Amino acid sequence: MTQNEQDYIGSLKSALSGTIPDEELQDILSDYTEHFRAGREEGRTDEDLCRALGSPMDVAQEIRASWMVSRAEKNRSCRNIWRAVLATIGLGLLNLIVVLVPFILLTLVLLIILVVGAVCIVFGPVAFVLALLQTAGISFINFWLWPVAGVFFSIGITSLGLLLVIGDYYLARFFYHLGIRWLKWNIRMIRKAEGTA
Amino acid sequence: MNSGAMPGESLCGSRCSQGGIPPKMVRILLTLTAITIVSFVLGTVIVLVTTGFPPVLGPAVTGSSSVPLDGAKAAEIVLFVKTGDLIVSNGTGEDTLLNVTVAAARPSRNRFLRPKLPGIPGSSG
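Conventions used here
Here the residue index of a chain counts from 1 through its sequence in written order. Chain letters start at A and ligand numbers start at 1, both assigned in the order the entries are written. With the structure being a predicted model, the display of local features is reserved for residues of pLDDT at least 70 and the display and counting of side-chain atom pairs for 80 or more, all residues being used for whole-chain, interface and lining totals. Side-chain numbers here rest on the full set of heavy atoms in the structure, without hydrogens or water. Helix numbers and strand numbers start at the N terminus; a helix is a DSSP run of H or I with at least 4 residues, a strand a run of E with at least 2. Whether a residue is buried, partly exposed or exposed follows from its accessible area with a 1.4 Å probe, protein chains only, as a fraction of its type maximum: under 20%, in between, or over 50%, in that order. The contact definition used throughout considers only heavy atoms, calling two residues in contact when any of these lie within 4.5 Å. The nonpolar core is taken to be a set of buried Ala, Val, Leu, Ile, Met, Phe, Trp, Tyr and Cys residues, with the residues joined through side-chain atoms within 4.5 Å. Convention adopted: a line fitted to C-alpha atoms gives each axis, helices being fitted over their contacting stretch, and angles between N-to-C directions are expressed from 0 to 180 degrees. Oblique is the label for any angle not under 35 degrees, not over 145, and not in the 65 to 115 range, which are roughly parallel, roughly antiparallel and roughly perpendicular in turn. Here a crossing is taken to be left-handed if its near helix is turned anticlockwise relative to the far helix by less than a right angle, and right-handed if that turn runs clockwise. A 1.4 Å probe defines the accessible area here, and the buried area is the portion of it lost by two parts on being joined, summed over both. Should a side-chain nitrogen of Lys or Arg be within 4 Å of a carboxyl oxygen of Asp or Glu, the pair is scored as a salt bridge. The nonpolar class holds Ala, Val, Leu, Ile, Met, Phe, Trp, Tyr, Cys and Pro. Asp, Glu, Lys and Arg form the charged class, and all remaining residues, Gly among them, are polar. Note that patches include only residues with greater than 30% relative accessible area and no salt bridge, and the join distances are 9 Å for like charges and 5 Å for nonpolar side chains (Val, Leu, Ile, Met, Phe, Trp, Tyr). Accessible areas in this description were obtained via Shrake-Rupley with a 1.4 Å probe; residue shielding takes into account the shown protein chains only. All tallies of charge rest on Lys and Arg as positive and Asp and Glu as negative; His and the ends of each chain are not included. Just so you know, the charge point we use is NZ for Lys, CZ for Arg, CG for Asp and CD for Glu. Any two of the Phe, Tyr and Trp rings considered here, Trp counted by its six-membered ring, make a pair once their centres fall within 6.5 Å; the pair's planes then place it as stacked at under 30 degrees, edge-to-face at over 60, or tilted in between. An expected span of 1.5 Å times one less than the residue number is assigned to each helix. What the arc measures is the spread of directions leading from the helix axis to the C-beta atoms.

Novice: Help me understand the overall build of chain A, please; the structure alone is not making it clear to me.
Specialist: When helices and strands are tallied, chain A shows 7 helices and 0 strands. Put simply, chain A runs from its N terminus to its C terminus through helices and strands in the order α-α-α-α-α-α-α. Here chain A, with 197 residues, has 39% of them falling under the buried criterion. A fraction of 61% describes how many contacts in chain A between residues 6 or more apart in sequence connect residues 24 or more apart.

Structural data, given as structure tokens:
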């Protein structure tokens, strides 16, 4: 266990450097320095303050997770949300189930919807042309059993594809926001649990 | 899941709340939903009209009628059936004049089911 302020801040700095920009890292470290100064004014020792703060590695993981989540919230991208999820998983083994599994399942569902929608968008117009050719009696393959009905079915398939792709986009956005809130709540809960421990 | 937005840029501008769907897009989505439903319904209706509607399921009606033709040299019996099996047979014996099983897969519209009967004029086959 780190016994004094310098060691504690040094450990925190080395654990966070590389993941958090220097400017923000300096802000975080100065907050901790201030915390030590205020503690000493109250008559508490460095050892006591270090014990109260917890291991610098654990604190660094929490800071990293919070920072990643906040970055994913500001700059929406696959990479940012994935990093935020990975950083949150690092906070506890239980997060492997409550964070990673839903994240992977949700991503899979969204991907499946996207693929089905894309297939419908590609297949629909082709089926429409074939149905028209068959209706006109100039088709070289009998694709549709009922060509006139095929015209309507292919229109339906195309619009269903568009609906799925557009819907998937908004569904992804919705779940992105929900995911960020879920990660924030998760980090808050872990902090609370550590505070009461 | 990349939304494609630049950092700090809202995707829908001032016309929608964060994470909401813009009204124009709602209209597009509703139109697409309507087109999808109408297309599939029309397609299904056309298929049903083309192939004939399935028979209304009700209690199965079975019955038997006897038409004695003893002594007749030739006869023609016209039978109207809808969906179901129709079994036409005589009694027993090797000199069977008629023993035919007719199955009507779907309603036949005013068409006579005429199995080929040897020696009976007018029977199709």
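Novice: Quick question: what am I supposed to make of the nonpolar core here?
Specialist: Note that soluble globular proteins tend to have their nonpolar side chains buried in a common cluster. Core analysis: the biggest nonpolar cluster contains 35 residues, and Leu12, Leu16 and Tyr32 of chain A have the highest contact counts within it. Of all the secondary-structure elements, those providing two or more residues to this core are helix H1 (5-16), helix H2 (22-41), helix H3 (46-53), helix H4 (56-74), helix H5 (78-89), helix H6 (95-136) and helix H7 (147-196) of chain A. Among the elements that line this core, the one with the most residues is H4 of chain A, at 8 residues. With sequence-adjacent residues up to four places away left out, Leu12 of chain A is seen in contact with Leu29, Tyr32, Pro56, Val59 and Ala60 of chain A. Ala127, Ala131 and Phe153 of chain A together with Val47 of chain B belong to the second largest nonpolar core, which has 7 residues in total.

Novice: Could you clarify how one ought to interpret the packing of H2 of chain A against H3 of chain A in this entry?
Specialist: All names here are of chain A. One way to put it is that H2 packs onto H3 with a least axis distance of 10 Å and a crossing angle of 130°. Relative to H3, the element H2 lies oblique. Viewed along their axes, H2 and H3 form a crossing whose handedness is right-handed. Between H2, through Tyr32, His35, Phe36, Gly39 and Arg40, and H3, the contact on the second element is made entirely by Asp46, Leu49, Cys50 and Leu53.

Novice: Explanation requested: the interface of chain B and chain A in the structure shown.
Specialist: Note: interface size is frequently given as the accessible area lost on complex formation between the parts. Tallying the contact residues gives 28 residues for chain B and 29 residues for chain A. Regarding the contact of chain B and chain A, the summed buried area is about 2500 Å², with carbon and sulfur atoms giving 74% of it. Remark: the boundary between chain B and chain A carries 0 salt bridges. Taken together, the residues of the side of chain B that touches chain A sort by class into 14 nonpolar, 13 polar and 1 charged.

Novice: What is the right way to read a negative patch on the surface from this model?
Specialist: Taken together, the side chains of Glu23, Glu24, Asp27 and Asp31 of chain A define an acidic patch exposed on the protein surface. By relative accessible area, which is 36% here, Glu24 of chain A ends up partly exposed.

Novice: Is there a simple way to think about the packing of aromatic side chains in this case?
Specialist: How two aromatic rings sit relative to each other is set out by the distance from centre to centre and by the angle between their planes. Counting across every chain of the model gives 9 aromatic pairs over all chains. With a centroid separation of 5.5 Å and 85° between ring planes, the pair formed by Phe143 of chain A and Trp144 of chain A is classed as edge-to-face. Classification of Trp144 of chain A as buried rests on a relative accessible area of 15%. In this structure an aromatic cluster arises from ring pairing among Phe123, Phe143, Trp144 and Phe153 of chain A together with Phe40 of chain B.

Novice: Looking at this structure, I do not really get H6 of chain A. What am I missing?
Specialist: For an α-helix, 3.6 residues make a turn, and residues three or four places apart therefore share a direction. All names here are of chain A. Taking 1.5 Å of rise per residue, the 42 residues of H6 would be expected to cover 62 Å, and the 60 Å separating its terminal C-alpha atoms lies within 8% of that figure. All buried positions along H6 are accounted for by Asn95, Val99, Leu100, Phe103, Leu110, Gly117, Cys120, Gly124, Ala127, Leu130, Ala131 and Gln134. Taken from the residues just after H6, Gly137 is the one with a positive phi, measuring 80°.

Novice: So what exactly am I meant to see when it comes to the side chain of Gln134 of chain A here?
Specialist: Note on placement: Gln134 of chain A falls in helix H6. Gln134 of chain A sits in the buried class, given a relative accessible area of 12%.

Novice: In this structure, what is going on with H2 of chain A? I would like to understand it.
Specialist: All names here are of chain A. Taking 1.5 Å as the rise per residue, H2 with 20 residues should run 28 Å; its terminal C-alpha atoms sit 28 Å apart, in good agreement. Among all positions in H2, only Leu25, Ile28, Leu29, Tyr32, Phe36 and Gly39 are buried. Projection of H2 onto a plane perpendicular to its axis shows the buried side chains occupying an angular sector of 95°, all on one side. Exposed residues on H2 whose side chains face more than 90 degrees from its buried face are Glu23, Asp31 and Glu41.

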